[in-house]
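Residues per chain are reported as follows:
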Amino acid sequence: NVCILSFRSKSSNNRVLHQELSKMTVLEKKTLAQSLLEEVAQESRSFPTKSYDEFDNPFNTRPPSYLGKEFQLHGTTVTSALNPRSWSTLTLHSRVAITRRMVSFRFSFPLPTNHSGLIAGQYVSVRIDSRTGKDEMRFFSPVSVPDDPKFLELVLRFESHGIVSEYFQNMKPGDTIECKGPCGGFEYHPNTLDELTLLASGGGVTPCLQIIRCIMADNSDKTKVKLLYYSDTVDEILSREELDGYADNHLEKIEIVYSLGEAPEKWTGEEGFIDKEMLDKYVTKNRNEKHKIIICGGPTMSFSCCFALKSLAFLSQQVFIFGPFGTDPVKRIYGNTCALSQHDCLAE
Ligand SMILES: Cc1cc2nc3c(=O)[nH]c(=O)nc-3n(C[C@H](O)[C@H](O)[C@H](O)COP(=O)(O)OP(=O)(O)OC[C@H]3O[C@@H](n4cnc5c(N)ncnc54)[C@H](O)[C@@H]3O)c2cc1C
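Keep in mind that what you see is a predicted model, and the values were worked out from it rather than measured.

Each value, and the rule that gives it
Residues numbered from 1 in each chain as written. Predicted model: local features only at pLDDT ≥ 70, side-chain atom pairs only at ≥ 80, totals over all residues. Heavy atoms only, no water. Near = heavy atom within 4 Å. Polar contact = N/O pair within 3.5 Å; in protein donor to acceptor, adjacent residues only side chain to side chain. Areas by Shrake-Rupley, 256 points an atom, 1.4 Å probe, with all protein chains shown as cover. Helix = DSSP H or I, 4+ residues; strand = E, 2+ residues; numbered from the N terminus. Nonpolar A, V, L, I, M, F, W, Y, C, P; charged D, E, K, R; others polar. UniProt positions renumbered as here; feature names shortened; annotations may be inferred. Buried < 20%, exposed > 50% of the residue type's maximum accessible area, 1.4 Å probe, protein only. Contact = heavy atoms within 4.5 Å. Salt bridge = Lys/Arg side-chain N within 4 Å of Asp/Glu carboxyl O. Arc of directions from axis to C-beta. Pairing = 2+ DSSP bridges. Axes fitted to C-alpha atoms, helices over the stretch in contact; angles between N-to-C directions. Parallel < 35°, antiparallel > 145°, perpendicular 65-115°, else oblique. Left-handed = near helix turned anticlockwise from the far one by under 90°.

### Quick look at the site of the ligand
Reasoning step 1: Lining the immediate surroundings of the ligand are 18 residues, of which Phe139, Val155, Ser160, Val164 and Ser165 lie closest.
Reasoning step 2: Phe139 places a polar main-chain atom, nitrogen or oxygen, 2.6 Å from an oxygen atom of the ligand.
Reasoning step 3: A distance of 2.8 Å is found between an oxygen atom of the ligand and a backbone nitrogen or oxygen belonging to Val164.
Reasoning step 4: Here the ligand loses 59% of its free accessible area of 980 Å² to cover by the protein chains.
Reasoning step 5: Of all the secondary structure elements, the ones that give two or more residues to the shell around the ligand are strand S7 (135-140), strand S8 (151-157) and helix H4 (163-169).
Reasoning step 6: Class assignment of the residues belonging to the shell around the ligand gives a composition of eight nonpolar, seven polar and three charged.

### Focus: the UniProt feature "binding site: FAD" (unreviewed entry) in the protein
Reasoning step 1: Summarizing the sequence annotation, UniProt attributes the feature "binding site: FAD" (unreviewed entry) to Arg138, Val155, Val164, Ser165 and Thr206 in the numbering used throughout.
Reasoning step 2: On the basis of relative accessible area, Arg138 is assigned to the partly exposed category, the value being 31%.
Reasoning step 3: Ignoring sequence-local partners within four residues, the contact set of Arg138 consists of Val124, Ser125, Val126, Ile163 and Val164.
Reasoning step 4: A residue is classified by how much of its surface remains accessible, and Val164, at 4% relative accessible area, is buried.
Reasoning step 5: Dropping the residues within four chain positions of it, Val164 is found in contact with Ile128, Glu136, Arg138 and Phe140.

### Thoughts on the pattern of salt bridges
Opposite charge on two side chains permits pairing when their charged atoms draw close.
Reasoning step 1: Scanning all chains against the criterion turns up 14 salt bridges.
Reasoning step 2: Asp147 is paired through a salt bridge with Lys69; the nearest N and O atoms lie 2.8 Å apart. In this pair, Asp147 is assigned in the loop between S7 and S8 and Lys69 in the loop between helix H3 (26-46) and strand S1 (71-73), connecting sequence segments 78 residues apart.
Reasoning step 3: For Asp147, a relative accessible area of 30% translates into the label partly exposed.
Reasoning step 4: Given a relative accessible area of 31%, Lys69 falls into the partly exposed group.

### Points about helix H6 (residues 240-249)
Reasoning step 1: Buried within H6 we find Leu243, Tyr246 and Ala247. The buried residues of H6 occupy an angular sector of 95 degrees when projected down its axis, which confines them to one face. Turned more than 90 degrees off the buried face of H6, the exposed positions are Glu241, Asp248 and Asn249.
Reasoning step 2: Looking at the buried residues of H6, the elements they touch are helix H5 (206-217), strand S11 (224-231) and strand S12 (254-260).

### Some remarks on the pairing of S8
Reasoning step 1: S8 sits mainly inside the fold: six of its seven residues count as buried.
Reasoning step 2: By the bridge criterion, seven bridges tie strand S4 (residues 102-108) to S8 in an arrangement that is antiparallel. The residue bridging Val103 from the neighbouring strand is Leu156, located in S8.

### Re the sheet that holds S1
Reasoning step 1: Sheet architecture is open: three strands sit in the order S1-S2-S5, paired in mixed fashion. Each edge of the open sheet is held by one strand with a lone partner, namely S1 and strand S5 (114-115).
Reasoning step 2: Pairing geometry for strand S2 (residues 76-80) and S5, over two bridges, is parallel. Paired with Ser80 across the two strands is His115, which belongs to S5.

### Regarding the packing of H5 against H6
Reasoning step 1: Where H5 contacts H6, the axes come no closer than 12 Å and their chain directions differ by 40 degrees. Relative to H6, the element H5 lies oblique. Crossing of H5 against H6: the hand is left-handed. Of H6, the residues touching H5 (which contributes Leu209, Ile212, Arg213 and Met216) are Glu242, Leu243 and Tyr246.
Reasoning step 2: Across the contact of H5 with H6, the residue classes tally to five nonpolar, no polar and two charged.

### A look at the sheet that holds S4
Reasoning step 1: Here we have six strands laid out as an open sheet, ordered S7-S6-S9-S3-S4-S8, and antiparallel in their pairing. Taken across any chain shown, the strands that pair with only one partner, and hence form the sheet edges, are S7 and S8. Across the sheet, the axes of successive neighbouring strands diverge by a mean angle of 40 degrees, strand direction being ignored.
Reasoning step 2: Of the strand pairs in this sheet, strand S6 (residues 122-129) and S7 are connected by six bridges, and their pairing is antiparallel. Its bridge partner lying in S7, Val126 is registered against Arg138.

### Some remarks on the side chain of Glu236
Reasoning step 1: Tracing the backbone through its elements, the reader meets Glu236 in the loop between S11 and H6.
Reasoning step 2: When neighbours within four sequence positions are excluded, Glu236 is seen to be in contact with Thr99, Arg101, Met102, Arg157, Tyr229 and Ser231.

Here it is as structure tokens:
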């Protein structure tokens, strides 16, 4: 466990390292040193030079794009409420329970002439003054479309005893959070891909829902999108009516596959976690960078889906995983020097 913790915190466990080194002979140390030097030389050729800490999202080869976009709406200039360098105060307008553990929160921007200012797929950082008396900060993927001039909508799946979850559970209209962004995520731009496959688990569906909303709202966007969505129960499927509506009316553009942990009687969808068989059955075998496969879920799901994708011969650079540790599964499974996905599909 100690090893896993220090792996996730991106620092080596020097005590263990030195202990292991002390067991080696001089010759073994020399062989190890030579192989490490070769690895370092190869890595510095394959990766752009950047420190992990420079950006929150390790897929990024540069900081997340921030457009500070302005547009005209009914004769008024609408400006960005959020920016990556300072905190903006957002006020809770309303909340709607989806299930006991899942609630949608709609926040008003500081000005009535604001929109989020994000690009579809980007996530934000939320800061609260917690019960512990110190600031707590967590990432969230808005589900509202980035240009929505009314609200920033977040959907939370509460963690039991989670600090930020408890804060949100107790929030009433008029209460505030602080928000900063963009912080990372996959920057989706219309018509930069032929095909987008989204693999989502539970609350991880939020960035997928936002990207789907953007694709479906834009008739000029010809990208084909497929969502494979695992949910514990049928009640926890987020925005099912809306998703089914898209799938029923735009067969040529979107396909949605649900899989349930606890399927009710007469369920005709899939059952169980997203696994190799399911990926083999539903993911089209276009193994090129114009087909991006985005994984949005916890670490176990990310590792197992990434492993299955590799065994189905998808390329490492097709796979993008949401979250600050997103590149770990890809590097561990495809190899440390594998080609990584960009955080967008714009030409360099
Ligand atoms: C890019 C990104 C986007 C995200 N988007 C969303 C989103 O749209 N919606 C959403 O709901 N979440 C999202 N998350 C997750 C979110 O950031 C939080 O991690 C989540 O809300 C839990 O935070 P918390 O403060 O409530 O829980 P925490 O206090 O961080 O606790 C997490 C869990 O660990 C347990 N725990 C804490 N300490 C210990 C301990 N010492 N021993 C054992 N267990 C412990 C808690 O009981 C809890 O179950 C996203 C995460 C990322 C990285």
